[in-house]
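# Descriptive structure summary
Spelled out, the chains give:
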Amino acid sequence: TGKPEITFAGAAAEQVTFSYGTEIILSNVSVEVPEHSVVGIVGRSGSGKSTLLKLLMRFWDVRQGKVMISDMPIDQINTANLRELESFVTQETHLFHDSIKNNLRIAKLDAADEEIESACKKASVHEFIMSLPQGYDTPIGELGDTLSGGERQRLGLARAFLHDAPLLLLDEPTSNLDSLNEAVILKSLHEERKGKTVVLVSHRQSTMRMADKVYSVEHGRIS
Ligand code: ATP
Ligand code: MG
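So, here's what we can say about the structure. Source: prediction; values computed, not measured. (Residues numbered from 1 in each chain as written. Chains lettered and ligands numbered in written order. Predicted model: local features only at pLDDT ≥ 70, side-chain atom pairs only at ≥ 80, totals over all residues. Heavy atoms only, no water.)

In terms of helices and strands, the protein chain carries 9 helices and 10 strands. Against the 2.2 N^0.38 benchmark of 17 Å for 223 residues, the protein chain shows a C-alpha radius of gyration of 18 Å, consistent with a compact globule. C-alpha atoms of the protein chain, sized along the principal axes, occupy 50 × 40 × 35 Å. Counting all 223 residues of the protein chain, 53% fall into the buried class. In the protein chain, once contacts between residues fewer than 6 apart in sequence are set aside, the share between residues at least 24 apart is 71%. Surface accessibility of the protein chain: about 11300 Å² in total, with carbon and sulfur atoms responsible for 49%. If the 24 positive side-chain charges of the protein chain are averaged to one point and the 31 negative ones to another, these points end up 4 Å apart. (Helix = DSSP H or I, 4+ residues; strand = E, 2+ residues; numbered from the N terminus. Rg over C-alpha atoms; globule rule 2.2 N^0.38 Å. Buried < 20%, exposed > 50% of the residue type's maximum accessible area, 1.4 Å probe, protein only. Contact = heavy atoms within 4.5 Å. Areas by Shrake-Rupley, 256 points an atom, 1.4 Å probe, with all protein chains shown as cover. Lys, Arg positive; Asp, Glu negative; His and termini not counted. Charge placed at Lys NZ, Arg CZ, Asp CG, Glu CD.)

So this is what it looks like as structure tokens:
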């Protein structure tokens, strides 16, 4: 659409006030995410942490304040370009009625099988997949609701590792994981963070320890 391709050079929310309906969820919130930093977001359930990540993804537009990516207002970046710059691991991993491999490949349509496996190793889910009778070709439909929260979560992380975007938005990426799997993920994130920027929402101290700076959201305000 004539908009220039941009590369990632940091993100920010500047005095953002946001509501879904009448109730104000975020009030005059400013957050700075410098390139190559890990920024943590903590706060009570319902305080607006996921909302903040969604605004950084432009799932919603703000009417007051600005969301900036690489010093550009986010609404001036074309959507395809924005999707290349960002990976979002949501609290709920959505899976489709298709094979595990195809569920992962949505993160990178031309990914070779080796790349998919490598991402799954980083996300500590490769061994689980290999333990299934059809491995990566196992239909998610047949697994139905039998996947555990932690297995789904690790598939979500594998997608993010595969997508390999410069900005990683992680919403409670380790909430359903035991400490062993958490350790593998944290190690991968440490290796990945070279050259990457991370915004991390987490209740877990052990995970939050990797943040350079932590913002706390309380009653819609940053403290
Ligand atoms: P948690 O720690 O439980 O994940 P959170 O800090 O991520 O909470 P949000 O999901 O950002 O909180 O929600 C903040 C507030 O906005 C909550 O009161 C929630 O009910 C409300 N909310 C979230 N999404 C919507 C939506 N799509 N429409 C209306 N209200 C919403
Ligand atoms: Mg949330």
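Next comes the rest of the account.
Turning our eyes to something else, we now look at the sheet that holds strand E3 (residues 38-43). Across the sheet, 6 strands lie side by side as E6-E7-E8-E3-E9-E10; this open sheet has mixed pairing. Two strands lie at the open edges of the sheet, namely strand E6 (86-89) and strand E10 (221-222), each paired on one side alone. Seen against the sheet, helix H7 (residues 149-163) touches E6 and strand E7 (167-171) and runs at an angle of roughly 175° to E6. (Pairing = 2+ DSSP bridges. Axes fitted to C-alpha atoms, helices over the stretch in contact; angles between N-to-C directions.)

With 14 residues, helix H8 (residues 179-192) ought to run about 20 Å at 1.5 Å a step, and its terminal C-alpha atoms sit 19 Å apart, in line with that. On its buried face, H8 is in contact with helix H4 (113-122), H7, E7 and helix H9 (205-208). Between a side-chain oxygen at the N-terminus of H8 and the backbone nitrogen of Leu 180 the separation is 3.1 Å; the capping residue is Asp 178. (Expected span 1.5 Å × (residues − 1). Polar contact = N/O pair within 3.5 Å; in protein donor to acceptor, adjacent residues only side chain to side chain.)

Right, let's talk about the packing of aromatic side chains for a bit. For any two aromatic rings, the description comes down to two numbers: the centre-to-centre distance and the angle of the planes. Within the structure shown, the criterion is met by 4 aromatic pairs. Here Phe 18 and Tyr 20 contribute two aromatic rings whose centre-to-centre distance is 5.0 Å and whose plane-to-plane angle is 85°, an arrangement assigned as edge-to-face. Since its relative accessible area comes to 5%, Phe 18 is described here as buried. Relative to Phe 88, the ring of Phe 59 lies with its centre 5.7 Å away and its plane at 55°, an arrangement referred to as tilted. Of this pair, Phe 59 sits in the loop between helix H1 (49-56) and strand E4 (64-69) while Phe 88 sits in strand E6; the two residues are 29 residues apart in sequence, bridging distant segments of the chain. By relative accessible area, Phe 59 is classed as partly exposed at 43%. Aromatic ring contacts, followed pair by pair, group Phe 18, Tyr 20 and Trp 60 into a single cluster. (Phe/Tyr/Trp six-rings, centres within 6.5 Å; stacked < 30°, edge-to-face > 60°.)

The environment of ligand 1 is made up of 13 residues, and the closest members are Ser 45, Gly 46, Lys 49, Ser 50 and Thr 51. Contact distances for ligand 1 include 2.9 Å between an oxygen atom and a side-chain N or O atom of Gln 91. The leading source of residues in the shell around ligand 1 is H1, at 3 residues. Partitioning the shell around ligand 1 into residue classes produces 3 nonpolar, 8 polar and 2 charged. (Near = heavy atom within 4 Å. Nonpolar A, V, L, I, M, F, W, Y, C, P; charged D, E, K, R; others polar.)

The protein atoms that coordinate the magnesium ion (ligand 2) are Ser 50 (OG) and Gln 91 (OE1), at distances of 2.0 to 2.3 Å. With Ser 50 in helix H1 and Gln 91 in the loop between E6 and helix H3 (100-105), the pair connects residues that are 41 residues apart, well separated along the chain. Residue class for Ser 50 comes out buried when judged on its relative accessible area of 17%. (Donors = N, O, S within 2.8 Å, 3.2 Å for Na, K, Ca; no water.)

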